[in-house]
Structure formats: C-alpha cells, structure tokens
Amino acid sequence: MADDYLPLSDLLSSLSASASAASSLSRHIPSLSNLLDRLHPTLLRRLAETPPSDLPPFIDSLSSLQSELARAQSLLKSPPFMPTAVEALAHGLGRCLGLVVVASDGAFGGADVGALHRGFMEFRAPDESVDAVAADVEAVRLDFSDVVVRVKNGGDEEEVGEALSDLESLIVGGSIERNRVTDGDVVAVLLGRLCSSCTPENRIRIVSMLRSLVSEGEENKERMTDVGALSSIVRSLSRDVEERREAVGLLMDLSDVPKVRQRIGRIQGCILMLVALLNGDDERASCDARKVLKALSGNAQNALHMAEAGYFVPLVKFLKEGSDMNKILMATAISRMDLTDQSRALLGDKGAIEYIVKMFTSGKLEAKLSALGALQNLMSLAENIHRLVKSGIIAPLLQLLFSVTSVLMTLREPASAILASIAQSELILINKDVALQMLSLIGLSSPVIQHHLLRALKSITAHPAATKVRTKIKERGGVQLLLPFLLERNDEIRIIAMNVLYNLSKELGGEFVEQIGETHINIIIDIILRSTSEDERAVAVGILSNIPVNDKKATDVLRKSHLLPLLVSLLATTSATPSPTEKWLHENVASVLIRFTVSSDKKLQRISAELGVIPSLVKLLSIGSSIAKSRAAISLAQLSQNTISLNKRKTTKWMCVPSPTEGFCEVHNNKCSVRGSFCLIKAGAVPPLVQALEGKEREADEAVLDALSTLVRDEICENGIGAIAKASGVQAIIRVLEVGSVKAQEKAAWMLEMIFRIEAYRQQFGESAQVVLIDLAQKGDPCLKPTVAKILAHLQLLQMQSSYF
C-alpha cells in the first residue's frame, strides 16, 4: 500500500544529501568521487523525463540505494581501508543502481545511466594508493584478537570506547579478512557490550558495527537472530535519536531473516516503539521503521500488536485479503479494543467498515458475530455511521431481526444495537419503512432488543426531516403500541418509550386526547408526581406540553387531575444553575402553563395566580433557557392583558376619605397585586423581561416585547413607558431593532413609535436610535418602513408628508 513508503520527493532529497556527503568523503579517491558526483543529477534528470509507472517497487529500489550510500559514508569516514573494501563499496552501489533500472521497467535505462552503472560495477581501486599502504601498516599495528578482547573485558567506558574505535577501523576499514570477522565471536562480544555499555556514543558505534557485520554474510545475521540479541537491539529503539536510528536500520537489515520476523514481534514493546518511530519526525528512522513493520505484518499476531499501537494498515489488509479465520481474528480484536475517535476514523478511512460489512453479509455465523461486534465499537463516530448506511447494511440487519432461525437468534441483540446507532443519522430515513418495521418487532422481542429498538425509534422520530415518518406511525396505530410501556417496570425502557411518545405527540394536534386517552393522561401525570428521575419527569411534562392549547376538554382533564400545583412545585424546587435536563423540564412546564393563563379565561388565570404561577414565571425569566423565557413571557403577557380590567378603580362613598396607598401601582393608578390583578410591576417582571432582550439569544424577543407592550396602552401608556425606561428597556428595544428578526423588529418599532411620542424620551434616546432607524429606512424590510418613518418624523428627521407613509 502507498502508505508504506516515504514520499518520492523526500527520498530524492535524502539521496542527494547522501551522495554529496559520500562524494566529499571520497575526494582522496578521485575515480570514485567522480561516480558519486554523477549519481544524483542522472537520477533526477531521468525522473523528470520519464517518471516510473509502478511507483512502490521503484521507491523500494531507491531506498536500497539510499541504504547503500549510508554504508558508504560509514566506511569512508574511517580511513585507512583496503582497496578491496573500496571496490566492494562501488560494486554494491552499482548493483543497487541496477535494481533502480529494473524497478523502473526500463524507464531509467538511458545511455547515461548505463555508463554510470558500468562505472560502478567495473570500478577498481588504485593498487599503489597511500591508503592501501597505510592500511597494511595499521593491520601490523593492531591485533584483531587483542582488540576483540579489549572490547569484551574493558573496564571503564573510555577504555571500551578506544577499543571500539580500533575494532571499527579494522571492520569497517576492511583491513581484516572476512573469515576472521565471521568465524570469531565478534558479534557476541558486541551484543554483550551493547547491553552493558552506558554511554550513547559507544552504543551507537556498536550498532553501526553490527550493521557492517550484517553486510559481511549470513553467518553474522544468524548470530543476531536469538531473542537475547534482538532484545538488546530493541532496547536501543527507545534511546537517543542517532542510536535508535541505527538500531531500526539494523532491524531492517535483519528483517529478511524468517527467524527474526518470527521472534521480533514477541519482544515486549518492540512493535510499540516501531510505530512510534514510524509516526515520529525523523524521516530516515520512520522510513526504516515502516519497512520493518511491513516485514512483520505478514504475521496476524504482529498485525494485532500494531493495531493496538495505533497502526491499522496490516489489520485492514487482513480484513480485506486474509483467511476467514484471520478476518474473524481481526474483527474480534476491533470489537474488544479501547478505541479513540481518531482510531475509529482511521479504520473508517482505510476501508475497514466495508470489509467488515462484507464479512457480515457473506460469512458464516462466527464471522457474522465478530463483524457485528466490530461494527458496534466503530459506530460512536458519525462519519462511520454514514459509511455503514452507505454500505447497504440496514436491510440485512432488519432481515436478521425478523429471522426465526434458532442459529441466528444470538445475532439479534448486536444487530438491534447497531440499528440504534445508525438511527442517530438522518440517512436511515432512506429506508422509508424502517421505523414501522422496528415498531412491529417491539412486542415480540426480549427486553434488551426492545431497549435498542426503542432507542432507534427515539432517534428516528426526533429527526427534523421525519415528519412523514411520524405521521405514518400515528396512522398505523404506533401510539397505541407504545402506550402500554407507560406501565413498564424497567425504568430505562419506560423512559425511552416515553421519549418516542413525546416525539410522536408533536404530530397529534387535535387528535391528542383521542389517541392518548384520558386514562393514559392521568398515568402520565402520576409519573410526574411519583418519579424520582429528572429525565422521566421532563419527558412526561413534554408529552403534555404537546396538547394543543385550544383543546378545552384536555384543559379540564389536566385541571381536574391537579397538574397545575404539581408544575408550580417543580419550578419551586429548581436550582439557580439548572442542568440541561432541568432546562428542558422548565421549557416543557412553561409550555403547559400557557394553557392555564390564556387571557380568555379569567377564572383559570385567577386559579393559576392563587397557586403561585406568576412568581414561577418571573423566576424562569432569570434562570431559564431562551425557549423557557419565551414561553414564560407569553404567559405573563396573557395575564397582564387583563390587569386593567381587574383593578378598575372603585370610587369611595365618602369623597373626603383618601384611598389607601398600600399596594398602589404608579403604572395602573390603582391598588395592584400579583394574585389579584396579575400586575407585572408588582411581580417585579419588568427588569428580567428587559434583561432577556439584552442577551445574545434572540428566541424570546417577540414574546418579551408582547409582554412589555401590555404596559404601553392608551390609558397607562406614559406610566408604562416610564417603568420600561426605568429598567433600561428603551435601549434594549432599540437593540432589537438592530439585531432582531423581522417580526421582533416590527414589535420593537411599534413600541418605539409610542415611546418617541413623548418629548422627554425623544431628547434622551433619540440620538442613539438615529443610525439604526435610518439604516432600517434604507435597507430594512418593507413592512417596517411606515412605522420607522413615523419615528423619524417624531425625531424631526423626516417630513410627515414623506412617501414613506
């Protein structure tokens, strides 16, 4: 897979740097330096002219050439060396260049490349070179066996370092015959010293020499294949940059040995460190780590270890191409992994979901079971749900749920759980009858499956685009199928079923009482009274909030069931900082209270006021959500509409006797009270109403302005405006003109026109309103222009004869 390779541009850049460095180091051998100087330009020119058709093998061949250049640098750094070593170096580079030509399918087979290839393969080191003479002198001075003993038995690190330096000059310099290196115990000595050495410099030198020894022959490779030797090398993966770079390079050199591939994955922490190097910033180490992981990935257990470390490419490959047992092994592992959302996304991106779905649809029982388990663990991510829906799995899952075959019964629970996850996406609505099919299964299923199916129905019926689905469920008797769950003893199942009923009740309209029935309405009220679950109380009130306000029969049922004092008590016990569920409960309670405060029924309003509804509504203006504030404002507006008629001033029999001033309202010019006349002023509702306009949320604007507008009537207009102005309401109304919806702007403009009829308020607020008003006159909705023009005329910014009127 393409993910296994270093980008070509990065590899060419690395090749350029390596070739340049090797050329500089070989200046004392002009013939070799000349060949190295020509290497990179030739490759680059050929790539520009004819890019290879099959990129991965070509990158492999370039990587081999890069590794050979790295070895060349190591050798050339430590002169003197034998002519035979220099020749071997050149021939190795020639062989790698030949591999590049082959991997490019002849695309790099031009005359210039051919000449360069021959130059490397036919290279001969000068026989009489100073380096060769010096190498002979050095070989007489250093005794190989003595150097090995010094490395093995050296005491302090400085002494060991000197011995390692001497050994390196003998091995890398090529001044020792090959059989002396391979026949001795050099590998064992170096590995032993690698375990005991405590300086990074010495360990780096040791690993580098081991890499040189690997290139000497298979015997040295064999000596590094036991678990102890590999463990020593693996430990170097966790150390300094240069050491881990050399260590991963050594493991890459050894990875073509079957024994190494069998054993290395079992060494604790090895694969984890390789994956860390793969994802690290060191490009060379990352490239080598990728090659080692690729060599190890043919083993299923190694693939699992890589997946646990966050590298999923081999696991997905097994899911795609592996045997049936290996596919089951991989899917089962996914089902048990503690995955992050990032890991789930990676698996989804690599195609794991499509391969797992194929396992489910075409595999046998064990394959189906492991596939469903894996899908369950991947479904908490929205993107994966989309992938799963597009894979066409919904129909097979439903078919499985309807199956009566005993062998497949064990699959029904995970299948229903996956459907519940899929239902979170509106894509499930592509299958038009999926909700009805699930509904038909509810009464025939076990509690666990019922739980999952109800979760799915809750999600489906909550989707904004599911209007037709909700209507169809209602028409097919879905409400009646769900009502028995109101008496279900399993709390979770009962609450989820109530949520489905809540979603469906939005579509019932005038049929609500007919569909639900008075008996079940009383059961719902009893649930509100007795339940200790905040969620259950909220959804129960929510169901009742969907009863149309104009359904007087339902209102009578609710009033006789003593719902109203129960709702007031729910608001009385709320905290100053309500939870999301409490906020939803408040919204639903406020919605139900609208029916108990309708302005056409003063008797019902008085009952509500006597029970303390008005202080509860005012409290919601401070702690409720924007929706709760809007609904509370609607009720307050309905109550305030009747305040004037309820407190008509009674003339006293004796004109000389002054009227009592206690409870006197300066707005209504009468003795007002909260319970007796529903007065907004006495309820302290004006400041929180104004504050609701000052917030960032705009949902409550219209209802709040309706409530405040009840104070701006002809007989109390000036007093009411004064109360609004005292609470900084004029500035808030001007702000609504600027940021509110068109309907809210209409209401705000009407109120502002009333306010600016009074000279004192024109003087105080006129200038701050001018910019907004002029902007609305020029760019605002046409429905606003007549009222805006009147306001501008009050401010003497527009003639009353203007065409705006």
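Quantities reported herein were computed from a predicted structural model and do not represent experimental measurements.

### A short note on the overall build of the chain
A count of helical and extended segments in the chain gives 49 helices and 2 strands. Out of the 805 residues in the chain, the part that is buried amounts to 54%. Sequence-distant contacts, at least 24 apart, represent 70% of the contacts inside the chain between residues at least 6 apart. Element-wise, carbon and sulfur atoms account for 51% of the exposed surface of the chain, whose accessible area totals about 36500 Å².

### A look at the nonpolar core
In this structure, Leu315, Met438, Leu544 and Leu752 are the most contacted members of the largest nonpolar core, which totals 178 residues. Among the elements that make up this core, the one with the highest residue count is helix α31 (residues 491–505) (8 residues). When near neighbours in sequence (up to four residues on either side) are disregarded, Leu752 contacts Val730, Ile733, Ile734, Leu737, Leu773 and Ile791. With 52 residues, the next largest nonpolar core counts Phe144, Val187, Val189 and Val313 among its residues.

### Some details on the side chain of Ser232
Topologically, Ser232 is positioned in helix α13 (residues 227–235). Ser232 sits in the buried class, given a relative accessible area of 4%. If we ignore the near neighbours within four places in the chain, the residues touching Ser232 are Leu191, Leu194 and Cys195.

### Describing helix α17 (residues 283–296)
End to end, α17 covers 20 Å across 14 residues, agreeing with the expected 20 Å (1.5 Å per residue, within 8%). Of all 14 residues that make up α17, 10 are buried, and the element is covered over most of its length. Buried within α17 are the following residues: Ala285, Ser286, Cys287, Asp288, Ala289, Arg290, Lys291, Val292, Leu293 and Leu296. On its buried face, α17 is in contact with α3 (55–76), α14 (241–254), α15 (258–264), α16 (270–278) and α18 (300–308). The residue sitting at the N-terminus of α17 and contributing the capping side-chain oxygen is Asp282; that oxygen lies 3.2 Å from the backbone nitrogen of Arg284.

### Considering the environment of Cys783
As for its placement among the helices and strands, Cys783 is situated in the loop between α48 (759–779) and α49 (785–794). For Cys783 and Lys743, which are 40 residues apart along the polypeptide, the C-alpha to C-alpha distance reads 9.5 Å. For Cys783, the contacting residues outside a window of four places in its chain are Val742 and Glu746.

### Brief notes about the packing of aromatic side chains
All chains considered together, the criterion is met by 2 aromatic pairs. A centroid spacing of 6.3 Å and a plane angle of 20° characterise the contact between Tyr761 and Phe765, whose relative ring orientation is stacked. Separated by 4 residues within a single helix, Tyr761 and Phe765 lie in helix α48, roughly one turn from each other. Look at Tyr761 and you get buried, because its relative accessible area is 14%. Between the NZ or CZ atom of Lys368 and the centre of the ring of Phe360, over which it lies, the distance is 5.1 Å.

### Overview of the environment of Leu372
By the secondary structure assignment, Leu372 is in helix α23 (residues 365–378). Taking the relative accessible area as the measure of exposure, Leu372 reaches 0% and is therefore buried. In this structure, the C-alpha to C-alpha distance between Leu372 and Val357, residues 15 residues apart in sequence, is 8.4 Å. When neighbours within four sequence positions are excluded, Leu372 is seen to be in contact with Phe360, Leu397, Leu400, Leu411, Pro414, Ala415 and Ile418.

### Section: the packing of helix α44 (residues 701–709) against helix α47 (residues 742–755)
The axes of two packed helices give the description: the angle between them and the distance between them. With their axes 9 Å apart at the nearest point, α44 and α47 run at an angle of 20° to one another. In terms of orientation, α44 and α47 fall into the roughly parallel class. The way α44 lies across α47 gives a crossing that is left-handed. Packed against α44, whose contacting residues are Asp701, Glu702, Leu705, Asp706, Leu708 and Ser709, the element α47 presents Lys743, Ala744, Lys747, Ala748, Trp750 and Met751 at the interface. Here the residues of the contact of α44 with α47 are counted per class, giving 6 nonpolar, 1 polar and 5 charged.

### Focus: the environment of Leu191
Structurally, Leu191 can be placed in helix α10 (residues 186–196). When the C-alpha positions of Leu191 and Arg223 are compared, they lie 9.8 Å apart, and in sequence the two are 32 residues distant. Once residues lying within four places of it in the same chain are set aside, the contact partners of Leu191 are Leu210, Arg223, Ala229, Ser232 and Ile233.

### Overview of unusual backbone geometry
Residue Asn669 is not a glycine yet carries a positive backbone phi of 55°. Structurally, Asn669 can be placed in the loop between β1 (664–665) and β2 (670–671). For Phe678, which is not a glycine, the phi torsion comes out positive at approximately 60°. Exposure remark for Phe678: the relative accessible area of 1% places this residue in the buried category.

### A few points about the packing of helix α36 (residues 563–572) against helix α39 (residues 613–623)
Between α36 and α39, the least distance of the axes is 10 Å, while the angle of their chain directions is 40°. On the basis of their axis angle, the class for α36 and α39 is oblique. In terms of crossing hand, the pair formed by α36 and α39 is left-handed. Between α36, through Leu564, Val568, Leu571 and Ala572, and α39, the contact on the second element is made entirely by Val613, Ser616, Lys619 and Leu620.

### Thoughts on the pattern of salt bridges
Summed over the entire model, instances satisfying the criterion amount to 27 salt bridges. In this structure, the salt-bridge partner of Arg757 is Glu753, at a minimum N-O distance of 3.1 Å. Overlapping salt bridges bring together Glu68, Arg71, Arg211, Glu246, Asp253 and Arg284 as one network.

### Let's talk about the side chain of Thr597
Looking at the secondary structure, you find Thr597 in the loop between α37 (580–596) and α38 (602–610). Thr597 sits in the buried class, given a relative accessible area of 0%. A polar contact is formed between the side chain of Thr597 and the side chain of Ser635, at a distance of 3.1 Å. Once you skip the residues sitting within four places of it in the chain, Thr597 turns out to touch Gln605, Ser608, Val613, Ser635, Gln638 and Leu639.

### Examining a negative patch on the surface
A cluster of acidic side chains, namely Asp156, Glu158, Glu159 and Glu162, defines a negative patch on the protein surface. As for its placement among the helices and strands, Glu159 is situated in helix α8 (residues 157–172).

### Quick notes on the confidence of the model for the chain
When the pLDDT values of the chain are averaged, the result is 86; 90% of them are 70 or greater. Mean pLDDT in the chain bottoms out at helix α6 (residues 130–141), which sits at 48, and peaks at α44, which reaches 97. Across residues 128–133, confidence stays below pLDDT 50; counting only partners more than four residues off in sequence or on other chains, it has 7 contacts. Contacts from residues 135–139, a stretch scored under 50 in pLDDT, to residues over four places away or in other chains number 7 contacts.

### Overview of α14
With 14 residues, α14 should reach 20 Å at 1.5 Å per residue; the first-to-last C-alpha distance of 20 Å fits that figure. Counted residue by residue, α14 has 10 buried out of 14 residues, so it is predominantly covered. Every buried residue of α14 is listed here: Glu243, Glu246, Ala247, Val248, Gly249, Leu250, Leu251, Met252, Asp253 and Leu254.

About the criteria used
Residues numbered from 1 in each chain as written. Predicted model: local features only at pLDDT ≥ 70, side-chain atom pairs only at ≥ 80, totals over all residues. Heavy atoms only, no water. Helix = DSSP H or I, 4+ residues; strand = E, 2+ residues; numbered from the N terminus. Buried < 20%, exposed > 50% of the residue type's maximum accessible area, 1.4 Å probe, protein only. Contact = heavy atoms within 4.5 Å. Areas by Shrake-Rupley, 256 points an atom, 1.4 Å probe, with all protein chains shown as cover. Core = buried A, V, L, I, M, F, W, Y, C linked by side-chain atoms within 4.5 Å. Expected span 1.5 Å × (residues − 1). Polar contact = N/O pair within 3.5 Å; in protein donor to acceptor, adjacent residues only side chain to side chain. Phe/Tyr/Trp six-rings, centres within 6.5 Å; stacked < 30°, edge-to-face > 60°. Lys NZ or Arg CZ within 6 Å of the ring centre and 35° of its normal. Axes fitted to C-alpha atoms, helices over the stretch in contact; angles between N-to-C directions. Parallel < 35°, antiparallel > 145°, perpendicular 65-115°, else oblique. Left-handed = near helix turned anticlockwise from the far one by under 90°. Nonpolar A, V, L, I, M, F, W, Y, C, P; charged D, E, K, R; others polar. Salt bridge = Lys/Arg side-chain N within 4 Å of Asp/Glu carboxyl O. Patch = residues over 30% accessible without salt bridge, like charges linked within 9 Å, V, L, I, M, F, W, Y side chains within 5 Å. Lys, Arg positive; Asp, Glu negative; His and termini not counted. Charge placed at Lys NZ, Arg CZ, Asp CG, Glu CD. pLDDT = per-residue confidence, 0-100.

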